[in-house]
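# A closer look at the structure
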Amino acid sequence: MTAELLETHSSSRPGKVPLYGASTQFKSWRYSPERLRHVRQTLNAGAVAAIRKTLETDEPGSSTSVSFLQPDDELLLVKLYVTKIPQLCGHFRFPEEVEATAISYLKRFYLKNTVMDWHPKNVMLTALFLATKTTNTPISLDSYTSNIPKTSQSDVLDLEFLVAQSLNFEFAVWHAHRALWGLWLDLQSLPNLTESLRPMDVYETALKHVRTSRFTDAELIYAPSQIAFAALSLVSPLLCQKWLDSKAPPDPTTAQAYLQVLEQTNSAIGNMIMQQGQPPDVEAAREVDRRLKLCKNPEKVVGSKAYLTRRAEEERRAEEKRSKKAQDMRKISEGEDPFGSQLVGQQESPSVDDDDD
């Protein structure tokens, strides 16, 4: 954890790569704030263009009156369903690992998809169910869906592969609450740090800050150890300073450089937790949801003309594939070469004489 905390923003430093630096989370799901904003804007613009084209194909001029969602609107709606995951986990008494993992899955899904294609409600339910599997906290699909009002098994199963595919089948998640526990255990080993200086309520309060960070983009921008350290800093700067004193490099110049980076990171994460960690305005999210009903991708609306057209095209392609496969199998059964006849003028390869002379 020390290497991860001190070296994450100093990749030029030679030495052993921290475990987190070799993880799929670091390689695939770590963004700068600017890159994160660009990804969401690009997804939103692509979805709007595709939906507008579909609407115009169905009825020319129909898209001019549609109020499409903006990236911030999509983020607001996703955040609303992020806040529902802890409620469901409390109902099912799932451990914290399931809750944190499901939230990560939901955030990652919407870095590859938009709410105008896939509504967050069923994606959230699917992400949570998938998280129970990947964290080894299994629950039967029947027990899961029967305890959630107005939810059928197909609501979860129909999206499970799509969610897994959108995650690149990268299910491992490094969490800040585990980094915080490691930091707390580390503090217990420090000399001259009595229990009175590290009461358990400090850890509990820091853990609340870590949980609050899940409602922000912190985990998509910063390392788990950085979030954990910032959360503890909000509660006890003294403990964090003592921990840093025990881990800082011996060279004063290098140590000072790391401290400057940590101060900047701590400030950014702390502001994010305190300013953006509140649940979204429910009424504002409902307004976005009402607008979504009018700008949802018609190809995803069961029974719509665009949906039926897309399904017919998919069936046509599937039928062509089945026909080709059946034709190839028939050629094989009749002794024909499914790869075509021998090239004209091609001669048979001379036989190899096994005699030695």
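Right, let's walk through the structure included here.

Each value, and the rule that gives it
Here the residue numbers are simple positions, counted from 1 along each chain's written sequence. This being a predicted model, a pLDDT of at least 70 is required before a residue's local features are given, and a value of 80 or more before pairs of side-chain atoms are given or counted; all residues contribute to the totals for chains, interfaces and linings. Computation of side-chain values: all heavy atoms of the structure, hydrogens and water removed. Each helix is a run of H or I in the DSSP string that is no shorter than four residues. Each strand is a run of E no shorter than two, and both are numbered from the N terminus. Any residue under 20% of the maximum accessible area for its type is buried, any over 50% is exposed, and the rest in between are partly exposed; the area is computed with a 1.4 Å probe on protein chains only. Note on areas: these come from Shrake-Rupley sampling with a 1.4 Å probe, and a residue is covered only by the protein chains present in the view. Note on definitions: the grid is 1 Å and covers protein atoms alone; a cavity is a set of points where a 1.4 Å probe fits but cannot get out; a pocket is an open set with protein on both sides within 12 Å along at least five of seven lines; lining residues have an atom within 4 Å of a point. Grid points are joined across faces, edges and corners, and a volume is the space filled by probe spheres set on the points. Following the grouping adopted for this structure description, the nonpolar residues are Ala, Val, Leu, Ile, Met, Phe, Trp, Tyr, Cys and Pro, the charged ones are Asp, Glu, Lys and Arg, and the polar ones are all others, Gly among them. One fewer than the residue count of a helix, multiplied by 1.5 Å, yields its expected span. Think of the arc as the fan of directions from the helix axis to the C-beta atoms. In this description, contact between two residues means that some pair of their heavy atoms is separated by no more than 4.5 Å. Pairs of N or O atoms within 3.5 Å make up the polar contacts considered here, provided that, within protein, one atom can donate a hydrogen while the other can accept it, and that residues adjacent in sequence are counted only when both atoms are side-chain atoms. Here a salt bridge means any side-chain nitrogen of Lys or Arg lying within 4 Å of a carboxyl oxygen belonging to Asp or Glu.

## Considerations on the overall build of the chain
For the chain, the helix and strand inventory stands at 17 helices and 0 strands. Looking at the chain as a whole, 43% of its 357 residues are labelled buried. Taken as a whole, the chain presents about 20300 Å² of accessible surface, with 53% of it coming from carbon and sulfur.

## Here's the deal with empty space enclosed by the protein
This model, assessed by the stated rule, comprises 1 cavity of 30 Å³ or more. As a volume, the largest cavity reaches approximately 130 Å³. Every residue lining the largest cavity is counted, 15 residues in all, and those nearest its centre are His175, Ala176, Arg214, Glu219 and Ile227. Secondary structure elements with two or more residues in the lining of the largest cavity: helix H6 (96-109), helix H10 (176-188), helix H11 (200-213), helix H12 (218-221) and helix H13 (224-235). Looking at the lining of the largest cavity residue by residue, the classes come out as 8 nonpolar, 5 polar and 2 charged.

## Remarks on H11
Turn by turn, an α-helix covers 3.6 residues, leaving residues three or four places apart pointing in a common direction. In this model, H11 (14 residues) spans 20 Å end to end at C-alpha, consistent with the 20 Å of a helix rising 1.5 Å per residue. Along H11, the positions that sit buried rather than exposed are Val202, Tyr203, Ala206, Leu207, His209, Val210 and Ser213. Here the buried residues of H11 occupy an arc of 160° about the axis, which is enough to place them on one side. Of the surrounding elements, those touching the buried residues of H11 are H6, H10, H12, H13, helix H14 (237-247) and helix H15 (252-276).

## Observations regarding helix H16 (residues 282-295)
Between the first and last C-alpha of H16 there are 20 Å, a value that for 14 residues agrees with the 20 Å anticipated at 1.5 Å per step. Buried residues along H16 sit in contact with helix H3 (33-58) and helix H4 (71-82). Sitting at the amino-terminal end of H16 is aspartate 281, which places a side-chain oxygen 3.3 Å from the backbone nitrogen of glutamate 283.

## Regarding the environment of glutamine 153
Along the chain, glutamine 153 turns up in helix H9 (residues 153-166). In the structure, glutamine 153 is positioned 27 residues away from threonine 126 in sequence and 10.0 Å away in space, judged by C-alpha atoms. Not counting residues up to four positions away in its chain, the partners in contact with glutamine 153 are Leu141, Asp142 and Thr145.

## Side note on the pattern of salt bridges
Within the structure shown, the criterion is met by 11 salt bridges. Here aspartate 217 ties to arginine 40 by a salt bridge, and the two come within 2.8 Å at their closest N and O atoms. With a gap of 177 residues between them, aspartate 217 in the loop between H11 and H12 and arginine 40 in helix H3 connect regions that are remote in the sequence. Take aspartate 217: its relative accessible area is 16%, and that puts it in the buried class. Where arginine 291 meets aspartate 73, a salt bridge forms, and the shortest distance between an N and an O atom there is 3.2 Å. Placement of arginine 291 in helix H16 and of aspartate 73 in helix H4 is noted, with a sequence separation of 218 residues between them.

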